[in-house]
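Now for the letters of each chain:
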Amino acid sequence: MKHFNFLMLFTVAFVLFIACSNDDDDSPIIMTDTITALAVATPDLSNLVSALQRAGLANEFNGSASYTVFAPTNAAFAAFLSANGFTSVEDVPVDVLTQILKNHVLSGVAKSSDLESGYVTNLADGPTSGTHLSMYINTTSGVTINGNSDVTQADIMASNGVIHIVDAVIGLPSIVDFVLADNTFSILRSALTRADLTFDYVTTLSTPNGTDPAPFTVFAPTNDAFVSLLDELGANSLDDIDESTLKATLNLHAVAGANVLSSGLSDDMTVATLGGDITANVSGGATLTDSNGRISNIIVTDVQAANGIIHVIDKVVLPKLPQTIVGKALDTPSLSILVEALQAADGDLVSVLGSTGPFTVLAPTNDAFTTFLSDNGYSSVNDVPTAALTQILLNHVISGSAIMSTDLMASGSGYASTNATGVGDNAMSLFFDTSNGVIFNGISTVTTADIEATNGVIHIVDKVIGLPNIVDHVVANPNLSNLVGLLTNGGNTTFTNLLSTAGDFTVFAPSNDAITAFSNPDNNAIETILSNHVIAGVSAASTGLTNSYVNTLATFGNTDKNLSLYINVDNGVWINGISQVETADIITSNGIIHTVNAVIDIPTVVTFATADPNFSTLVSALTELTPNTDFVATLSTANSTSPAPFTIFAPTNDAFAAITIPSDETVLAQILSHHVITDMNITSGDLTPNGDTTAQSLEGDNLTISLPGSGDNIADLTDGSGNSDIGIIKVDVQAGNGVIHVINKVALPM
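Just so we're clear, the structure is a prediction, and the values are computed from it rather than from any experiment.

1. As for the packing of aromatic side chains
- One pass over the structure, following the stated rule, counts seven aromatic pairs.
- Where Tyr119 meets Tyr136, the ring centres are 4.9 Å apart and the plane angle is 50°; that geometry is what we call tilted. Placement of the pair is Tyr119 in strand β4 (residues 118-125) and Tyr136 in strand β5 (residues 132-138), with a sequence separation of 17 residues.
- Plain terms: the ring middles of Tyr549 and Tyr566 are 4.7 Å apart, the flat faces sit at 50° to each other, and that makes the pair tilted. Of the two residues, Tyr549 is situated in strand β25 (residues 548-555) and Tyr566 in strand β26 (residues 562-568); the sequence distance between them amounts to 17 residues. Here Tyr549 matches Tyr566 in class, with each residue buried.
- Connected via pairs of aromatic rings, a cluster forms that spans Tyr119, Tyr136 and Phe178.

2. Digging into the side chain of Thr222
- With respect to the helices, strands and loops of the structure, Thr222 is situated in the loop between β9 (216-221) and α9 (223-233).
- Here Thr222 falls in the buried class, since its relative accessible area comes to 10%.
- Not counting residues up to four positions away in its chain, the partners in contact with Thr222 are Thr184, Ile299, Val312, Ile313 and Asp314.

3. Regarding the packing of helix α3 (residues 46-55) against helix α4 (residues 74-83)
- At a minimum axis separation of 7 Å, α3 and α4 run at an interaxial angle of 60°. The angle between the axes of α3 and α4 places the two elements in the oblique class. Between α3 and α4, the contacting residues are Ser46, Asn47, Leu48 and Ala51 on the first element and Asn74, Phe77 and Ala78 on the second.
- Among the residues making up the contact of α3 with α4, the classes are represented as four nonpolar, three polar and no charged.

4. Things to note about the sheet that holds strand β35 (residues 726-735)
- Pairing is mixed in the open sheet, where seven strands are placed in the order β31-β30-β36-β35-β34-β33-β32. On the outer flanks of this sheet lie β31 (676-678) and β32 (692-696), each paired with one strand and no other. Taking the axes of each pair of neighbouring strands and ignoring which way they run, one obtains an average angle of 30° across the sheet.
- Bridge count between β35 and strand β36 (residues 738-743): five bridges; the pairing is antiparallel. Considered in β36, the bridge of Ile728 is made with Ile743.

5. Focus: the nonpolar core
- By size, the foremost hydrophobic cluster in this structure holds 35 residues, and its most contacted members are Leu188, Val218, Phe226, Leu250 and Ile310.
- Those elements giving two or more residues to this core turn out to be α6 (175-181), α7 (186-192), β9, α9, α10 (243-251), β14 (295-305) and β15 (308-313).
- With near-sequence residues (within four places) excluded, Phe226 lies in contact with Ile187, Leu188, Ala191, Pro221, Leu238 and Val316.

The rules behind these values
- Positions within a chain are numbered from 1, following the residues in the order the chain's sequence is written.
- In keeping with the predicted nature of the model, local features appear solely for residues at pLDDT of at least 70, side-chain atom pairs appear and are counted solely at 80 or more, and the whole-chain, interface and lining totals rest on all residues.
- Derived side-chain values reflect all non-hydrogen atoms in the structure, with water molecules and hydrogen atoms excluded from consideration.
- Here the aromatic set is Phe, Tyr and Trp, taking the six-membered ring for Trp, and pairing holds for ring centres within 6.5 Å; pairs whose planes are under 30 degrees apart are stacked, those over 60 apart are edge-to-face, and all others are tilted.
- A run of H or I in DSSP becomes a helix once it reaches four residues, and a run of E becomes a strand once it reaches two; helices and strands are each numbered from the N terminus.
- We call a residue buried when its accessible area falls under 20% of the maximum for its residue type, exposed when it is over 50%, and partly exposed in between, using a 1.4 Å probe and counting protein chains only.
- Only heavy atoms matter for contacts: two residues are in contact if any of them lie within 4.5 Å across the pair.
- Fitted lines through C-alpha atoms serve as axes, helices being fitted only where they are in contact, and the angles separating the N-to-C directions of these axes extend from 0 to 180 degrees.
- In this scheme, roughly parallel covers angles under 35 degrees and roughly antiparallel covers those over 145, while 65 to 115 is roughly perpendicular and the rest are oblique.
- Charged residues are taken to be Asp, Glu, Lys and Arg, nonpolar residues to be Ala, Val, Leu, Ile, Met, Phe, Trp, Tyr, Cys and Pro, and polar residues to be all remaining types, Gly included.
- When DSSP finds two or more bridges between two strands, those strands count as paired.
- Nonpolar cores were defined as sets of buried Ala, Val, Leu, Ile, Met, Phe, Trp, Tyr and Cys residues, with membership established by side-chain atoms within 4.5 Å.

Right, dumping it as structure tokens:
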């Protein structure tokens, strides 16, 4: 038998020598022997072999089952024995030795190339029946186990697994060992070890299992969770958090006397931490909810230490927040549905409203929410589509200031921007009126004002403020009541129906004074006038307006040709030269309102010539330079009354600057008349495609329009003198009595 054992060892050693001799490229050492045989054949693992034999595990790793063994060297064992007061492995209690050895073993084969930073489960028994300890592997620089044992030789392949030789015995890890080993918890480490803490967390969380207060269940926040917390609290570092608050916070992350596996969590489960109760839920993913309604997701579960278990969370659990808006809402029973809604919405609104702010929050009561839910066919806030619920809640929040009721009363009425998103990704507008209490958007009244919080103020309101459309905002503003009267005159709902639909509109809304001052001198149809205040298909904020023409919903005569509107922003915002924007950018869910100080009547061609500064020389020529010809009166003739409608070819200021304007009034009048076609409203759509369209001018000579135009011209114009290089550079400025086309040269008669 002795001869046989010597022969076996000699053979293993010889094969090992040959394998090593042929392995100059650090490839895995390929062996056909078992893990036990390889250990026996390796002199530097003799202490490990002795330990395996004493624990009765040598045969376990000599069979067919596959294992990965992190094998401590003799020096590693010697250091371990010395550190723990043992002379040899024979002095280590068998049960302790057995668990330590199993703590080095994984089921299955994991070569070094298979290892990744993270947690794996080994064969050592955990503190709860049926559990096994975790092992933290760090592959950032080589392979390190539990933060203190490095792999010095990897991938020694056995017939039933693989051996990685390590330079330190891997002790049974405590909660603290994992926190120290895993740099995901570096900020948690700093928190637990801050010098001014009056509680020794490290010593406590190192308590061996079976010794009170172990075992522990620890909810460990990641570094990102702490970074988010600092931002939420407006702090630059942990040092900005006072000792009592930090300790109260850390206490909420540990449960004493229990090793609670993730399978032991359930919905609405009360978790009694060292700092008080928090609530666990598992539906839709495991979470924790603190006393502030803030939700932490459990992102890694069941990291099993010898004295407890760790679950990794993505948000720090906080004690009761000191007087933030969220804390105030939680302490107000009549706002419990609002709190539920904030928790159900997207965007983590609980944390947002718990941050530094400041905010002004209009808080609907439970009765207000109940009415809102009933009116919209919902049983609870959880039935409301999340995106819609989020926007409705944000429509009750004003960021950047704490607006007190005295501030509102001093203003009387006006608009503020909420955090909800209106058209064009602009902040939704909110109208307040203090003429009879404080009312928002004409529907929601403040019942309790000025509940001050550390990050803002709450005003409790009796109605949920929905996302307003154009009609909602017009109706809410008393200064637009005359406009509401016109829109609904005789029960007509054409405009209110249209402006309540989804889509983009820009509305220039005349104030009460504007409507009172309007006498409708041309007896234009009110419906047409109202349509002339609405642009469809675009929500134009004041910042995006330029000197330009746009089309309104009003039409020319009985045609489908939409009237134009000229916007000038040289000095404020002016419409058609007669109506100025007073209040800009009232943002709604389906458009933008600009209130104006004058009704925008149906424009004539003279209106546009006068309003557009590009035609100032033309206006001078039509008036000051031709006093004996009343061009203004003629060109103001109402549609369908000859010589209206007109087609006007309007030269720009640059066009006039290129010629010498005749001093003879008769000659100039003939030239000006040559730019006018009477009794016709010729738009670009009426022209002959790829050809010529000829019509007689008011002067008597023909004008010919050719499509397509040359160069950058939309079309070319040939005058009575045969000049064919006149470019039409803008078309279809549609007035109520004709149409204007802009030209870049003055046309001359024969």
